[in-house]
Amino acid sequence: MAVPNLYWSLPVPSVQELARDIPSTLVPRRYIRDDVSDLTASINPSLIIPLLNMADLINSESRDAELQKLFFACRDWGAFQLINHGIPDEIIKNMKKQSRDFFDLPSQQKRRYTQKLGSLQGYGQAFVVSEEQKLDWNDMIFLHALPIKDRDLNFWPEEPQGFRETLDSYSIEVRRLAVSLLGFMAMALGLEAHEFSENFQQGQYHVRMNCYPSCPLPEKVIGISPHSDISAITFLLECNDTPGIQFQKDGYWVPVEPISGAITVNIGRIGQIISNGVYHSAEHRAIVNKLKERLSIVTFCYPNENGEIGPARGLITQENPVLYKTVSHADYFHRFYYQKHVGDQLIDSLKADASQ
Ligand code: OGA
Ligand code: NI
C-alpha cells in the first residue's frame, strides 16, 4: 500500500523492541541502507560547528562581535551550538527525564499514543510512504505543543506522570528563546529584531522526541536519513552524551559533540526563505551507536499560521533582488506535504522565477 501524502505515515515496528537483544545477522533488511554508500565515509571530525553564546548577544557590550559570529554561523553552516540560552536547568532536566521515562514505558503503554492514519502526531514514525521504503533506526513521538489550540491531547502521554506539564513549560521556554534568537538573527542581517521575531510570538512549535536504540550494525543503518527541516529554526536537546547528529558542510559530514548545557540550533527552509537565501538551511542526519542508546528532543519553530512566508522586505534592494516567492502558510505546508517533498523541490518551487 502506498500512502497518498506525507501527512500519512504507514505503521512500522518499534525499533526499541526490534533492537532488544538482536544479533547483527537479524537486523531486518528494511533497515540495512545499501541505498547509501558508506556511512562512515566523508566524515570530517576536524571541522567543528560554531559555538554561540546567548549571553553575549543580550549584553550590549559584546553584542556586535557575537552578532557577527551569528551571521557567519547562519550563512556558512546553518547550524550552531548555543550556550547560556536561558531555559532554566530545572525545565531542561525535567524534559529529558520525561522523555527518557516515556521511552522506558512498556510497549503496550506507549502504544496508547500511536499515530492514527492521517495524523503525524503521536508515537510512531514520520514519512513512511511505502512498504518497500528503507526505514530509519528510531522511534519517535511527535506533538504539536504551541499554540495551545493545536494540541491534540489524545496523543499527549498521561504517563510518565508530569509529562504534560513539563512539555507545556518547556515549549513556552522554547518559544521565548526562538523569538529572542530570531530577533538577533534579523539584527545580524541589519534588520530590526521584530522583522523576524514578530511572526513567532504566536508561532507554531512542534516537538519530536527521538529514541535511537543501539544497533549491532551501526555502519549499515541510519538513525534519521539526510534531510533539511522545513521549520524556520529547530532546537535540539541531547538527553545524554551519546553523539549522533551530523551536519553537511563543504561536502563533509560533521559530527556534533554534545556540550553539557548547550542546545543545537539549525536553520530550516523557512529560515533560508525569510533571509532571502543569505542563511542556509543545513542538511543533517543522525547516526546510531553500537552500544549506547541516544535520545534527542527536537523542537521545530514555525511562524504563525495567519502570516505569510517570504523574504523580509528590508533585505530586498536593486543589488539583492528577491529570491523567493511569498506564499501563505497553508500554501507552504501544502507544497511540502502533498507535492514537493523530495530533495530541494520545496525550495526550488518557491524560487522567484519558478513557474508554480
Ligand atoms: C529531526 C532531526 C536529529 C536528531 O528530528 O528533524 O534532524 O539527532 N533529528 O535527533
Ligand atoms: Ni531534522
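Structure shown above.
Here's what I pulled together on the structure shown here. Treat the numbers as computed from the prediction; the structure is a model and nothing was measured. Along each chain, residue indices are assigned from 1 in the same order as the chain's sequence is written. To read the labels, note that chains go from A and ligands from 1, taken in the order they are written. Local features in a predicted model are, by the rule used here, given only for residues with pLDDT of at least 70; side-chain atom pairs are given and counted only at 80 or more, and totals for whole chains, interfaces and linings are based on all residues. As a convention, hydrogens and water are excluded, and side-chain values are obtained from all of the structure's heavy atoms.

## Details of the nonpolar core
Among the nonpolar cores identified, the biggest contains 90 residues, and Leu 70, Leu 181, Met 185, Phe 196, Phe 235 and Tyr 332 are the most heavily contacted of them. In DSSP terms, a helix is any run of H or I states spanning at least four residues, a strand is any run of E spanning at least two, and both are numbered starting from the N terminus. Element by element, the count of residues in this core is highest for helix α6 (residues 163-187), at 12 residues. The set of buried Ala, Val, Leu, Ile, Met, Phe, Trp, Tyr and Cys residues whose side-chain atoms join them within 4.5 Å is what this entry labels a nonpolar core. Only protein chains enter the calculation, and the probe is 1.4 Å; a residue is then buried if its accessible area is under 20% of its type maximum, exposed if over 50%, and partly exposed in between. With 17 residues, the next largest nonpolar core counts Leu 10, Ala 19, Val 27 and Val 288 among its residues.

## Observations regarding the site of ligand 1
A molecule or strand has a residue near it when one of that residue's heavy atoms lies within 4 Å. Near ligand 1 lie 14 residues; those nearest to it are Tyr 212, His 227, His 284, Arg 294 and Ser 296. A distance of 3.4 Å separates an oxygen atom of ligand 1 from a polar atom in the side chain of Asp 229. Calculation of accessible area relied on Shrake-Rupley with a 1.4 Å probe; when residues are assessed, cover is drawn exclusively from the protein chains displayed. Across the complex, the protein chains shield 97% of the 290 Å² of accessible surface that ligand 1 would expose by itself. At the level of elements, β5 (204-212), β6 (224-227), β11 (284-286) and β12 (294-302) are the ones that each hand at least two residues to the shell around ligand 1. Per-element tally for the shell around ligand 1: the top contributor is β12, with 4 residues. Residues that form the shell around ligand 1 fall into these classes: 7 nonpolar, 4 polar and 3 charged. Any N or O atom pair separated by 3.5 Å or less is treated as a polar contact, with the protein-specific requirement of one donor-capable and one acceptor-capable atom, and with residues adjacent in sequence counted only for side-chain atom pairs. Following the grouping adopted for this structure description, the nonpolar residues are Ala, Val, Leu, Ile, Met, Phe, Trp, Tyr, Cys and Pro, the charged ones are Asp, Glu, Lys and Arg, and the polar ones are all others, Gly among them.

## Topic: the sheet that holds strand β9 (residues 252-255)
Note on sheets: strands pair through backbone hydrogen bonds, and any given pair is parallel or antiparallel. Taken in spatial order, the 4 strands make up an open sheet running β6-β11-β8-β9, and their pairing is antiparallel. Sheet topology places β6 and β9 at the edges, where each strand pairs with a single neighbour. On average, each strand axis in the sheet is inclined to that of its neighbour by 25 degrees, with strand direction left out of account. As paired elements, strand β8 (residues 245-249) and β9 share 4 bridges and run antiparallel to each other. By the bridge assignment, Phe 247 is partnered in β9 with Val 254. What makes two strands pair is DSSP finding at least two bridges between them. Angles run from 0 to 180 degrees between N-to-C directions of axes, and those axes are lines fitted to C-alpha atoms, restricted for helices to the stretch in contact.

## What about the coordination of the nickel ion (ligand 2)?
Distances decide who is a donor: an N, O or S atom must be within 2.8 Å of the metal, or within 3.2 Å for Na, K and Ca. Water is not included, so sites may look incomplete. Distances from the nickel ion (ligand 2) to its protein donors, His 227 (NE2), Asp 229 (OD) and His 284 (NE2), fall at 2.1 to 2.2 Å. Taken in sequence order, the residues that donate to the nickel ion (ligand 2) follow the motif H-x1-D-x54-H. A relative accessible area of 5% places Asp 229 in the buried class.

## Considering unusual backbone geometry
Looking along the chain, the bond that leaves Leu 146 and enters Pro 147 is cis, with omega of -5 degrees. Note on placement: Pro 147 falls in the loop between β4 (139-146) and α6. The step from Glu 159 to Pro 160 runs through a cis peptide bond, and the omega angle for that step is 0 degrees. Mapped onto the elements, Pro 160 comes out in the loop between β4 and α6. Residues other than glycine seldom take positive phi values, yet Asn 84 does so here, at roughly 55 degrees. Structurally, Asn 84 can be placed in the loop between β2 (79-83) and α4 (89-104). Even without being glycine, Asp 250 reaches a positive phi, approximately 50 degrees. Note on placement: Asp 250 falls in the loop between β8 and β9.

## Quick look at the side chain of Arg 33
Counting through the fold element by element, Arg 33 comes out in the loop between α1 (15-19) and β1 (51-53). Of the polar contacts made by the side chain of Arg 33, one reaches the side chain of Ser 225; its length is 3.2 Å. Other than its neighbours up to four places away in sequence, Arg 33 contacts Lys 134, Leu 135, Asp 136, Lys 220, Val 221, Ile 222 and Ser 225. Every residue pair with non-hydrogen atoms within 4.5 Å of one another is taken to be in contact.

## A word on the pattern of salt bridges
What makes a salt bridge here is a side-chain nitrogen of Lys or Arg within 4 Å of a carboxyl oxygen of Asp or Glu, nothing more. Tallied over the full model, the rule gives 19 salt bridges. Across the salt bridge formed by Glu 66 and Lys 69, the nearest N and O atoms sit 3.7 Å from each other. Of this pair, Glu 66 and Lys 69 both sit in helix α3 (residues 63-77), separated by 3 residues, roughly a single helical turn. Classification of Glu 66 by relative accessible area gives buried; the value is 5%. A salt bridge links Glu 305 to Lys 149; the nearest nitrogen and oxygen atoms lie 2.5 Å apart.

## Comments concerning the packing of α4 against α6
Contact geometry for α4 and α6: axes closest at 9 Å, N-to-C directions at 135 degrees. Between α4 and α6, the angle is such that the two are oblique. Every pair of crossing elements has a handedness; the one defined by α4 and α6 is left-handed. Listed contacts from α6 to Ile 91, Asn 94, Met 95, Gln 98 and Phe 102 of α4 are Phe 163, Thr 166, Leu 167, Ser 169, Tyr 170 and Glu 173. Its residues assigned to classes, the contact of α4 with α6 comprises 6 nonpolar, 4 polar and 1 charged. Note on terminology: angles under 35 degrees are roughly parallel, angles over 145 are roughly antiparallel, angles of 65 to 115 are roughly perpendicular, and the others are oblique. Should the near helix be turned anticlockwise from the far one by less than a right angle, the crossing is left-handed, and should it be turned clockwise, the crossing is right-handed.

## Description of the sheet that holds strand β3 (residues 122-124)
Read from one edge of the open sheet, 8 strands run β1-β2-β10-β7-β12-β5-β4-β3, paired in mixed fashion. Strands at the two margins of the open sheet, each flanked by one partner only, are β1 and β3. Each strand axis lies, on average, 25 degrees off the axis of its neighbour in the sheet, ignoring direction. As defined by bridge partners, β4 adjoins β5 across 7 bridges and the pair is classed as antiparallel. Directly across from His 144, in β5, lies its bridge partner His 206. Running at roughly 130 degrees to strand β7 (residues 233-238), α6 makes contact with β2, β4, β5, β7, β10 (263-267) and β12 of the sheet.

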